[in-house]
Amino acid sequence: MLILHDPATLKHATIEILGSKVIPAHESPDRISAILSAIHQKPTHHVRTINFDPFSDSGITLLNTLSSTHDPGYVEHLQHVHAKWVAEGLIKPDDSVLPECFPFPNLSGKKSWWEHPPKDSFARAGFYAFDMSTGIAAETWEAVVASANLAAEGVREAIAIASPNREDHSVTNETSPSATPTSHPTVLALCRPPGHHCDTRRAGGYCYINNAVVAVETFRRLQQVTKPHHDTAPRIAILDLDFHHGNGTQEAFYSDPHVLYISIHGQDEYPYYTGSAEETGPEGTPSAGMNLNLPLPSRSSLDTYISALEIALQRLEVFAPDLLLVSLGFDTFHLDPLGGFGFESGEDYGRVASLVRGCLGRVHEKKGRSVPSVILLEGGYVLERLGENVLGFLDGWEGRKQLAQQKGQ
Ligand code: OKP
Ligand code: ZN
């Protein structure tokens, strides 16, 4: 599989509060190192290293995509608040910006409170966040844009692999093991920081920019260029398999009739205020029914999980998207400090992956063309097992487990 990585994603390192202690955030650079070292041991995967450059053409496009999808004041805040706090003597260069006070529901307040950011940069940290697990360190911005850029590049590459003869996508690496029209066009983007909790104007849950939002916007722009006469908007599905509900992604597309959001996540878990099965899309609008939440009790078994996945995949098959984004978290692992379902091995992840691929195969048959897929990394915090779980998922996705079994018979 083609895997996209940017070394700048390792630059972000912040802290979080656990009980009354300040600790290094669970979402650490070591997550990416662990995944890379596992991948490098397998010749089946092709890692392409990208170095995000804000002054290159694709860099300018990315920054443009960010400001057209995310609140401009928020983007400005992410980029500059750390330097501002240092200049104002609020923190030292090695420290992180953490919020003090969040906007809160109140009877007298303005309805459009979000149009009125507080005047001073100290207060704005709370205005542009919804929790305290999303500190901003000196190099956070560099990692955040590199991460979002991987999502955008992932879409470009997946489309290029899906239609390798198109001149306008001649960027496809011919040596990539996935660059054949017959194989399922999938790219894994090693995004870090993750994105699914960010709702385009507030950071939260270790997320700053919503990478799925960036991927969708990139896909739409590409379609506009390559298929300007298409009368129907592209259909996009997002399957969120992180343990936590992707409140930010749900929010960003809740009123969008062309994006189907499906999530399987821990019930009554972080982020606590979203993710119920009743959130199906605004009633009486074209996007009614375009949101499918499948909450499961924490510690649910793999069989329970797979029953929920089958419901998700039925919906996905009927929808028959033109693009699939998988928000993939490995905090469904049974030992994860921040979550956990009954996933106990890489093979368990492989089982899930091969079910998703089976569904894509049926969509392929139905439509007569393959569905480009981009896998976006979200959470997963057991460093010692993260690499093998990722490899297990990729093996299942590419059908390798079944081959191994056949050989053994
Ligand atoms: C992000 B993702 C300790 C609690 C941490 C945040 C959980 C974020 C999960 N400060 N709470 O979906 O994996
Ligand atoms: Zn998570």
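Model, not experiment: these values are computed from the prediction.

Explanation requested: the sheet that holds strand β5 (residues 186-189) in the structure shown.
Backbone hydrogen bonds hold the strands of a sheet together, and the pairing may be parallel or antiparallel. Ordered by their spatial adjacency, eight strands build an open sheet running β4-β1-β5-β10-β9-β6-β7-β8, and the pairing between neighbours is parallel. Each of the sheet's edge strands pairs with one partner strand only, and the pair in question is β4 (46-49) and β8 (291-296). Sheet twist, expressed as the mean angle between neighbouring strand axes with direction ignored, is 15 degrees. Of the strand pairs in this sheet, strand β6 (residues 236-240) and strand β9 (residues 323-328) are connected by five bridges, and their pairing is parallel. Following the sheet pairing, Asp-240 is matched in β9 by Ser-327. Sitting on the sheet, helix α6 (residues 211-226) is in contact with β6, β7 (259-266), β9 and β10 (373-377), with an inclination near 160 degrees to β6.

Looking at this structure, I do not really get the coordination of the zinc ion (ligand 2). What am I missing?
Tetrahedral metal sites with four donors have an ideal angle of 109.5 degrees; octahedral sites with six donors have ideal angles of 90 or 180 degrees. Only Asp-242 (OD), Asp-242 (OD), His-244 (ND1) and Asp-331 (OD) from the protein coordinate the zinc ion (ligand 2), and they sit 1.9 to 2.8 Å from it. For the zinc ion (ligand 2), the six donor atoms in the first shell make angles of 52 to 156 degrees at the metal, a pattern classed as irregular. Spacing between the donor residues of the zinc ion (ligand 2) along the chain follows D-x1-H-x86-D. Taken together, the residues Asp-242 in the loop between β6 and α7 (247-253) and Asp-331 in the loop between β9 and α9 (346-367) connect sequence positions 89 residues apart. Using a relative accessible area of 0% as the deciding quantity, one classes Asp-331 as buried.

Hey, could you run me through the site of ligand 1 in this one?
Contacts to ligand 1 come from 13 residues, most closely from Glu-16, His-196, His-197, Asp-331 and Tyr-381. The separation between an oxygen atom of ligand 1 and a polar side-chain atom of His-197 is 2.6 Å. For ligand 1, whose free accessible area comes to 410 Å², the fraction covered by protein is 89%. Taking a 2 Å distance to the grid points as the criterion, the majority of the atoms of ligand 1 fall inside the largest pocket.

Is there a simple way to think about empty space enclosed by the protein in this case?
Gaps between atoms show up when a probe of the same size as a water molecule is rolled over them. Under the defined criterion, the tally for this structure stands at two cavities of 30 Å³ or more. Space inside the largest cavity adds up to approximately 60 Å³. For the lining of the largest cavity, the class distribution of residues is eight nonpolar, three polar and no charged. Taken as a whole, the second largest cavity spans an internal volume of roughly 40 Å³. The wall of the second largest cavity is formed by Ile-35, Leu-188, Leu-190, Leu-328, Phe-330, Ile-375, Leu-376, Leu-377 and Val-390. In the lining of the second largest cavity, the residues fall into nine nonpolar, no polar and no charged.

Rules behind the numbers
Residues numbered from 1 in each chain as written. Chains lettered and ligands numbered in written order. Predicted model: local features only at pLDDT ≥ 70, side-chain atom pairs only at ≥ 80, totals over all residues. Heavy atoms only, no water. Pairing = 2+ DSSP bridges. Helix = DSSP H or I, 4+ residues; strand = E, 2+ residues; numbered from the N terminus. Axes fitted to C-alpha atoms, helices over the stretch in contact; angles between N-to-C directions. Contact = heavy atoms within 4.5 Å. Donors = N, O, S within 2.8 Å, 3.2 Å for Na, K, Ca; no water. Tetrahedral: all angles 85-135°; square planar, octahedral: opposite > 155°, others 65-115°. Buried < 20%, exposed > 50% of the residue type's maximum accessible area, 1.4 Å probe, protein only. Near = heavy atom within 4 Å. Polar contact = N/O pair within 3.5 Å; in protein donor to acceptor, adjacent residues only side chain to side chain. Areas by Shrake-Rupley, 256 points an atom, 1.4 Å probe, with all protein chains shown as cover. 1 Å grid on protein atoms, 1.4 Å probe; cavity = no way out; pocket = protein on both sides within 12 Å on 5 of 7 lines; lining within 4 Å. Sits in = over half its atoms within 2 Å of the grid points. Points joined across faces, edges and corners; volume = space filled by probe spheres on them. Nonpolar A, V, L, I, M, F, W, Y, C, P; charged D, E, K, R; others polar.

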